[in-house]
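# Examining the three-dimensional arrangement
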Amino acid sequence: MTALVLIETEQGTVRQASRSAISAASRFGDVDVILFGDNAENAAKLANVRKVLHVTNLPHLLAEPAAALLATLAENYTHIVSAVSANSKNILPRLAGLLDVQPLTDVIEIKNDDTFVRPIYAGNALATVQSSDRIKVLTVRGSSFDPVAAEGGNAPVETLGAPGGYDKSHFVKVEFSHSDRPELEVARVIISGGKGVKDAGNFQKLLEPIADKLNAAIGASRAAVDAGFAPNEMQVGQTGKVVAPELYIAVGLSGALQHLAGIKDSRVIVAINIDPDAPIFKVADYGIVGDLFDILPALEKAL
Amino acid sequence: MTMKVLVPVKRVVDYNIKPRVAADGRGVETQGVKMSMNPFDEIALEEAIRLREKGHASSVVVVSIGPQAAQDTLRTAMAMGADQAILVRTDAALEPLAVANLLKVIVERENPGLVSMGKQAIDDDMNATGQILAAKLGWPQATFASQVKIHDGKAEVSREVDGGIEVVNVSLPAVITADLRLNEPRYASLPNIMKARKKPLETLDAESLGVDLTPRLKVVNVSEPPERQAGVIVETVDELVHKLKTEAKVL
Ligand SMILES: Cc1cc2nc3c(=O)[nH]c(=O)nc-3n(C[C@H](O)[C@H](O)[C@H](O)COP(=O)(O)OP(=O)(O)OC[C@H]3O[C@@H](n4cnc5c(N)ncnc54)[C@H](O)[C@@H]3O)c2cc1C
Ligand SMILES: Nc1ncnc2c1ncn2[C@@H]1O[C@H](COP(=O)(O)O)[C@@H](O)[C@H]1O
């Protein structure tokens, strides 16, 4: 059994979630990794990697050529794996379509080579499913698997080219919202704001100083993103990012099912809400009932 | 250019309902539970209707694969503004691969210039059908769309990606999957609900379309996730910080 893991980098460094995907895939046997775009030096240093496939001519990771390339490699592997990300969710199901197999999204536990556990219904149920496909295509949740070490390996790098002729889709541009904060998926502490924070200015004024003190990532509810308080990539929940920090501080957000789906695996949840009946208190380890406009400045001082 | 837009819509447990795992561990209780159109499909449908209203599309066809009761979902879709509907009837819970294979047959029959669909069904949370369908058709795809602009036989689509927003340009025909912020779906007005009853709804049998519907995934079991217990309410910020330091040891 050999697995191929699609890995991604963030400013040249292999993402922690990708390292978790490698450790998950190691359960199946040898692991090769494939990296699009970036320089492959850091990938070669990863632990548990047999070989690095480096694709140099597809920096923007368009799904059509990426999936076509993966399909040509697929027959050498029993499992094709990636950490859940916007790119993997775009590419791997397309690959599964080319291979005529049923992909598995968001795997949180690997029982054996063909049996996997994944959440359904926004995490309100866990399904254990057994795949009969000859090649298993799956995305795994980074926070559910311990990452392999970033250093210590010395894998050979093989350069590959993506196939040409995919002229029906073009990359136009990307607007990244730059941030020096840790990524939501790997942050040790997260402070998230909801509709109760009332506007983008308050998001900055009230949440950022606390995030600075705790080296925390900042998250948001869907309602806060819809209202323009925070950019879309900050959304936490069923259809946003799924997080599992040591400490999750939920501020002025009610705790809708879809939001809870993204935070259930946090070790400690703190809720700050003016409404004592807000559902967020049902999952919070510590709650304060009160006005966030008083509580946040006090919290910042107390830290 | 005018074209037909095909919108696949799924009937799912309403998003406000907290699902309960069925006693037999085979799935989630759906008996007597409120069912609705998958929220992402409402958004995909709204986008299709707007494209027709702007003159980019000539008609909007909705298709649902599911039991007879999925007719209700299709009637709702026509009350929102779809012109006609197709029910591909099956009592089996089909996987995205089988759904995509059935949709491919419908696409080949209807010849749409665009398939506008949801990024994810909120029951199986697979986020796969649109990408599989695009692969099967050999069409370009633009997933997780937050904005769609049609011009010169192309769609310029803004996509919600991890670090921000990416813009891609795809030639039509293409598959576009809708994310939450693409639009706000309209409500069906009473007169439109009445009108929708007269719109054409065709029923096909899933078994009759020559597609292999055998599941690739066997459900071993479905279980409840571990529940989180409610903790304590603290009175002051100082008490909170103290507990986070000494009890929870996270600060
Ligand atoms: C298909 C679908 C997918 C979805 N996916 C997601 C998702 O991924 N993530 C997500 O978050 N949501 C998601 N949602 C939306 C979700 O259902 C809720 O609508 C949303 O989470 C509510 O956001 P909120 O808690 O910020 O707002 P609200 O529910 O309006 O809550 C605001 C809270 O702020 C409190 N408050 C107000 N003022 C103050 C104050 N001064 N001090 C303290 N507290 C105050 C109120 O008591 C209230 O509890 C999804 C919905 C659908 C249909
Ligand atoms: N049974 C179905 N009938 C019609 N459309 C479906 C069906 N299942 C999935 N879809 C479409 O595929 C999208 C993604 O679903 P999924 O891949 O299951 O998360 C949905 O938002 C629908 O647009």
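Residues numbered from 1 in each chain as written. Chains lettered and ligands numbered in written order. Predicted model: local features only at pLDDT ≥ 70, side-chain atom pairs only at ≥ 80, totals over all residues. Heavy atoms only, no water.

## Structural notes on the domain arrangement of chain A
Residue and element names in this part refer to chain A. Domain annotation of chain A identifies domain 1 (2-160) and domain 2 (189-302). Just the C-alpha atoms count here: the centres of domain 1 and domain 2 sit 31 Å apart. Roughly 530 Å² is buried in total at the junction of domain 1 and domain 2, and carbon and sulfur atoms are behind 44% of that figure. Where domain 1 meets domain 2, there are one residue pair in polar contact (both at pLDDT 80 or more). (Domains from an automatic or database assignment. Buried area = accessible area lost by both parts, 1.4 Å probe. Polar contact = N/O pair within 3.5 Å; in protein donor to acceptor, adjacent residues only side chain to side chain.)

## Looking at unusual backbone geometry
Here the amide bond leading from L172 of chain B into P173 of chain B is cis, since omega sits at 5 degrees, within 30 degrees of zero. Positionally, P173 of chain B belongs in the loop between strand 9 (164-171) and strand 10 (174-178). You will see that K198 of chain A, though not glycine, has its phi angle at about 80 degrees, which is positive. Of note, K198 of chain A is situated in the loop between strand 14 (189-193) and helix 5 (200-214). Under the relative-accessibility criterion, K198 of chain A is labelled exposed at 56%. Positive phi outside glycine occurs at N127 of chain B, with the angle close to 55 degrees. (Helix = DSSP H or I, 4+ residues; strand = E, 2+ residues; numbered from the N terminus. Buried < 20%, exposed > 50% of the residue type's maximum accessible area, 1.4 Å probe, protein only.)

## Examining helix 1 (residues 39-53) of chain B
Residue and element names in this part refer to chain B. For helix 1, spanning 15 residues, the distance from its first C-alpha to its last is 21 Å, which sits close to the expected 21 Å at 1.5 Å a residue. Of all 15 residues that make up helix 1, eleven are buried, and the element is covered over most of its length. Residues of helix 1 that are buried: P39, F40, D41, I43, A44, L45, E46, E47, A48, I49 and L51. Following helix 1 by one or two positions, G55 adopts a phi angle in the positive range, close to 90 degrees. (Expected span 1.5 Å × (residues − 1).)

## As for the site of ligand 2
All names here are of chain B. In the neighbourhood of ligand 2, 19 residues make up the surrounding shell, with D41, I65, A121, N127 and T129 lying closest. Note that an oxygen atom of ligand 2 is positioned 2.9 Å from one of the backbone N or O atoms of P8. Coverage of ligand 2 by the protein amounts to 98% of the 480 Å² it exposes when considered alone. Of all the secondary structure elements, the ones that give two or more residues to the shell around ligand 2 are strand 4 (57-66), helix 3 (96-110) and strand 6 (114-118). The leading source of residues in the shell around ligand 2 is strand 4, at three residues. Residue composition of the shell around ligand 2, by class: ten nonpolar, six polar and three charged. (Near = heavy atom within 4 Å. Areas by Shrake-Rupley, 256 points an atom, 1.4 Å probe, with all protein chains shown as cover. Nonpolar A, V, L, I, M, F, W, Y, C, P; charged D, E, K, R; others polar.)

## Details of the pattern of salt bridges
By the definition in use, this model includes 34 salt bridges over all chains. With its nearest N and O atoms 2.7 Å apart, the salt bridge here joins R216 of chain B to D133 of chain A. In this pair, R216 of chain B sits in the loop between strand 11 (201-205) and strand 12 (217-223) while D133 of chain A sits in the loop between strand 10 (125-131) and strand 11 (136-140), so the two residues belong to two different chains. Each member of the pair, R216 of chain B as well as D133 of chain A, carries the same accessibility label: buried. (Salt bridge = Lys/Arg side-chain N within 4 Å of Asp/Glu carboxyl O.)

## Looking at a nonpolar patch on the surface
Residue and element names in this part refer to chain B. The grouping of L190, I193 and M194 at the surface amounts to a nonpolar patch, some 290 Å² of accessible area in total. Turning to its location among the elements, I193 is positioned in helix 5 (residues 190-196). A relative accessible area of 36% means that I193 is categorised as partly exposed. (Patch = residues over 30% accessible without salt bridge, like charges linked within 9 Å, V, L, I, M, F, W, Y side chains within 5 Å.)

## Some thoughts on the packing of helix 3 (residues 63-74) of chain A against helix 4 (residues 86-99) of chain A
All names here are of chain A. Where helix 3 contacts helix 4, the two axes come as close as 8 Å, and the packing angle between them is 50 degrees. Here helix 3 is positioned oblique relative to helix 4, judged by the angle of their axes. Between helix 3 and helix 4 lies a crossing of right-handed hand. Mapping the contact onto sequence places A63, E64, A66, A67, A68, L70, A71 and A74 in helix 3 and N90, I91, L92, R94, L95, L98 and L99 in helix 4. Each residue belonging to the contact of helix 3 with helix 4 can be placed in one class, and the counts come to twelve nonpolar, one polar and two charged. (Axes fitted to C-alpha atoms, helices over the stretch in contact; angles between N-to-C directions. Parallel < 35°, antiparallel > 145°, perpendicular 65-115°, else oblique. Left-handed = near helix turned anticlockwise from the far one by under 90°. Contact = heavy atoms within 4.5 Å.)

## Quick notes on the interface of chain B and chain A
Contact residues are listed per partner, giving 78 residues for chain B and 83 residues for chain A. Between chain B and chain A, a total of about 6,800 Å² is buried, with carbon and sulfur atoms accounting for 54% of that surface. Its largest share of buried area at the contact with chain A, chain B owes to D162, R216 and R228 of chain B, together 12% of the area lost on that side. Applying the counting criterion to the chain B and chain A interface returns six salt bridges. Put simply, R228 of chain B and D285 of chain A hold a salt bridge, and the shortest N to O gap is 2.9 Å.

## Digging into the sheet that holds strand 5 (residues 51-55) of chain A
Residues and elements named next belong to chain A. In space, the seven strands of this open sheet follow the order 7-11-6-1-4-5-12, with parallel pairing throughout. The open sheet is flanked by strand 7 (104-107) and strand 12 (157-160), the only strands paired with a single partner. The average angle at which neighbouring strand axes cross in this sheet is 25 degrees, direction not considered. Pairing of strand 1 (residues 2-7) with strand 6 (residues 79-83), which is carried by four bridges, proceeds in the parallel orientation. By the bridge assignment, L4 is partnered in strand 6 with I80. Where helix 4 meets the sheet, it contacts strand 1, strand 6 and strand 11, and its direction lies at approximately 170 degrees from that of strand 11. (Pairing = 2+ DSSP bridges.)

## What to know about the packing of aromatic side chains
Residue and element names in this part refer to chain A. In total, this model carries two aromatic pairs over all chains according to the counting rule given. A ring pair is formed by F28 and F116, whose centres lie 6.3 Å apart and whose planes are at 70 degrees; its orientation type is edge-to-face. Remark: F116 occurs in strand 9 (residues 115-120) and F28 occurs in the loop between helix 1 (16-26) and strand 4 (30-36); sequence separation between them is 88 residues. For the pair formed by F28 and F116, the shared burial category is buried. Summarising the aromatic geometry, the rings of F203 and F229 are spaced 6.3 Å apart at their centres and angled 55 degrees between planes, so their arrangement reads as tilted. Here F229 lies in the loop between helix 6 (222-226) and strand 16 (247-251) and F203 lies in helix 5, a separation of 26 residues in the sequence. Among the residues examined, F203 registers a relative accessible area of 5% and is labelled buried. (Phe/Tyr/Trp six-rings, centres within 6.5 Å; stacked < 30°, edge-to-face > 60°.)

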